[in-house]
Structures are given as C-alpha cells and as structure tokens.
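Chains, contacts and geometry: an overview
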Amino acid sequence: MRPTVNTPATAGPDAAAATGATPAATPTASRPELPDRPRTTGRRTGWHRLAVVGVQHLTGDAVAVTLEVPEALRDVFTHRPGEHVVLRHRRAGAELRRSYSVCPPPADPAALRLVIRRGAPDGFGAHAVTSLSPGDILELSPPTGTFALPGRSGGHHVLIAGGSGITPLAAMAAAALREDPACRVSLIHSVPTAADALLADELSHLKDSFVDRFTVLYVLTQEEHGSGLSGGRIDDAKLPRLLTAVDAHPGPGTAFALCGPAGMVVAVRRALTAWGADPTRIRSELFTPADTPPRSAPPRQTAASRRTRVTALLGGHRCLATAGPEDASILDALLRTHPDVPHACREGVCGSCRARVLSGRVTAGPQYALHAEELAAGYTLVCRARPLGTELTLDFDA
Ligand code: FES
C-alpha cells in the first residue's frame, strides 16, 4: 500500500469507491450482505500501551518491530492476515496517527509485528528506524480491517504488491499456504531495486516450505532487464505476461489481492479487468503517504447550513454529537465530544473510521478504503462524509 517514503496504512481502493460515491442511506434490512468478507461482531476499541520486544532492520529505511502482548490483552490483539493497527505517537505536543498492517513472521503467525518504513524526517517512521529499541512503549489500537482473501478452499490466489504493500500480502500468503493445502499462491512484488524488497528472505524460506504451491516474482522498476519480465513497471503490456508466468487464468478459481500506492493499484486493477479477471474477485488496499498532513477535505455542501444530530454506536456504547456547517466531516463533529472515535489518515484511505449508516443520509468525497459491496451495504468513512438531513445514526461496530 509508494516504495520509498510511505508507511503502510491499510485501505482498499475500489473503482466505485474512488469516484466519490454518495451512499444514500436505506434501511439496513434491504441492503445486500457483504460476500466473502470477514464479519465483525463488535469493534475492539481503545488504546493500549505495549512494549517493544524486537527491532529488526530489514533495509536501510525499514524496520520490523515486534510488540509484546500481555496475557490480559491476548483476545484484544488477536489478528488475522490483512488487518491493521493504528499507532498513536506524541511528538513535540502534536499527536501523529499511523496505521500499519500486522505482518507476523511465517514461523510465528500469532506475533504482533509491524513493518515500519522511514517517512518524513520528523515523522514516526524516522523515529522508528533510527531510535526505537526493545523496552520502548508504543500506543496501539486493536487490529481491525476488512482486507482479506476469499475464505473458500482451493483455487489460486494472485497477490500483487507495490513497495511496502508487501506487508499484508506476505501475511496473507503465509496463512493461505499454511491453512489451505488445496490452494496455490503467486506473489508479484514491484520494487525499485532488489535491495528494496522487504521480507525477501522470509518469502524465500516460505517458498522452500511450499515449493509446489508458492511462486514469487520480483519486478524491479529502476533496473533495466531488456524486454524481460523482471524490469520496468507493471503495465497493461507486462501484466498479462506476468500472469502467464505464474500460470494464472481468469475465472472463479482465481482471486486477486492488490496492495500498494494508489496509482499502481488502480492501474493493475484496470489491467486485470481488461485481461478478463472478475472484478468481484479483485480485493485491494492502498497505502497513504507517510507523515504528511491530510491533503484535502471532503466536499462541503452548499445547503449544509442545518445542524444534524448524530448518534454513533461504538464499542457497545451510544455517542451523541451535533454536526454543523463548520465541520468538514462527521468525524470532526464526533471528535469534539468523543476523542476515541477510531481514525488515522483522515483521507478516506486507511479505513479506520468505517461505519455503517443505520438511518439518515450522508454525502462523501472519495472513499478509497471502501469496496463497492461496502458502499452498497451502507458503509461510509466518517472522515470523508458529511450528513444530509437533521438526524443520522452510524454503527462503528457493524
Ligand atoms: S479512512 Fe482513514 S481515518 Fe477515515
């Protein structure tokens, strides 16, 4: 999910979501259920202070940080491949929030490990790469997210990563190979140079363990390899050749998962669809730029002079707020009285602020983190959404 400067923030672009769709609220019972997606029975909330127990330098600008989860928090920090945590870091009086995919080593799938890249010089990534050490304490929210491989047995999972986008996909690959002996996994990783290939050693060992069912291809964007597959960018011409190389075929037996910078993910999704892939079998997640402030606000409504009473269900509690024209988003209104409302990027990318509209209506700018099925089911990202009407009920636990 920006191979050099970005830290991972889990999110999923979807062609429909990226167009700035405006989900109109309808009664929940009439909405379609989400296919092939993990169900949540209630969002785990709150902040927890966890000790760093390991810092492994992967490349010159990336570290793998392992955290200790005390027995009392085992359930809170249970995670599955594709989920992310939000990390809260205070620095010079300001609060930074970053989301990172949980990326356990294949040999220890229960471990809470994050891969963190250096970002802006004064950001958390730079602090992690240069200063973080065992014994330090980090503040994390529980794992969350909907990025996942289909749960069906068998079939071929084709995973395509750009840069740091490898972190959720490596975890997904290891879990699929371990848990589903009937499946095959092919991983295509696009990086500037071989030295930038995060987790290459672990993936090589994984290949040794599942030699007949796991394939890894690297595409080096800054190294020339003539007309070969391993150099240049993944574009419309190269992608079909890569898919042939991993023996992938369009059809219901092949599922795709993409993670990387927005440009790459959108281009690969488009190329996959042109190749013949079923769009409903393509899952994706974006990375946000690291350590940069939000770049744009959701569109303000010209008729938004009225105030809206917002009821939010969060962690089993009912939170009330009033949103007015001064609020760029519903999130802003909620944070005035409920600072623990989940959020991180504030750009519609990480998915941390996902909630389902139970009643009322919202309008939103681009919601990269939502898939078409989620939009159809009434989900919105409150950092991108503004209310329409005088009453709105949201469910963060849905
Ligand atoms: S999508 Fe990241 S905070 Fe809303």
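The rules behind each value
- Residues numbered from 1 in each chain as written.
- Predicted model: local features only at pLDDT ≥ 70, side-chain atom pairs only at ≥ 80, totals over all residues.
- Heavy atoms only, no water.
- Axes fitted to C-alpha atoms, helices over the stretch in contact; angles between N-to-C directions.
- Helix = DSSP H or I, 4+ residues; strand = E, 2+ residues; numbered from the N terminus.
- Parallel < 35°, antiparallel > 145°, perpendicular 65-115°, else oblique.
- Left-handed = near helix turned anticlockwise from the far one by under 90°.
- Contact = heavy atoms within 4.5 Å.
- Pairing = 2+ DSSP bridges.
- Phe/Tyr/Trp six-rings, centres within 6.5 Å; stacked < 30°, edge-to-face > 60°.
- Buried < 20%, exposed > 50% of the residue type's maximum accessible area, 1.4 Å probe, protein only.

**Observations concerning the packing of helix H4 (residues 238-245) against helix H5 (residues 262-275)**
Running from amino to carboxyl end, H4 crosses H5 at an angle of 70°, the nearest separation of the two axes being 10 Å. With respect to H5, the element H4 is oriented roughly perpendicular. Handedness of the crossing formed by H4 with H5: right-handed. Listed contacts from H5 to Leu239, Pro240 and Leu243 of H4 are Val268, Ala271, Leu272 and Trp275.

**So, the sheet that holds strand E2 (residues 62-68)**
Within the open sheet, the 6 strands sit side by side as E4-E3-E6-E1-E2-E5. Their pairing is antiparallel. Of all the strands in the sheet, just strand E4 (94-101) and strand E5 (112-117) have a single pairing partner and so form its edges. Within this sheet the neighbouring strands show an average axis-to-axis angle of 40°, counted without direction. Alignment of strand E3 (residues 84-91) against strand E6 (residues 137-140), held across 2 bridges, turns out to be antiparallel. Across the sheet, the residue bridging to arginine 88 is glutamate 139, located in E6.

**Side note on the packing of aromatic side chains**
Applying the stated criterion to the full structure yields 2 aromatic pairs. Arranged with centres 6.3 Å apart and planes meeting at 55°, the rings of tyrosine 100 and phenylalanine 124 form a pair that is tilted. One end of the pair, tyrosine 100, is in strand E4; the other, phenylalanine 124, is in helix H1 (residues 124-130), with 24 residues separating them in the sequence. Each member of the pair, tyrosine 100 as well as phenylalanine 124, is classed as buried. The interplanar angle of 85° and the centroid separation of 5.9 Å between the aromatic rings of phenylalanine 256 and tryptophan 275 together place this pair among those described as edge-to-face.

**Let's talk about the pairing of E6**
Alignment of strand E1 (residues 48-59) against E6, held across 4 bridges, turns out to be antiparallel. Counterpart to arginine 49 in the pairing with E6 is glutamate 139.

**A short note on the environment of aspartate 236**
In this structure, aspartate 236 sits in the loop between strand E9 (214-220) and H4. For aspartate 236, a relative accessible area of 52% translates into the label exposed. Residues aspartate 236 and arginine 270, spaced 34 residues apart in sequence, show a C-alpha to C-alpha distance of 8.4 Å. Excluding residues that lie within four positions of it along the chain, aspartate 236 makes contacts with Ala267 and Ala271.

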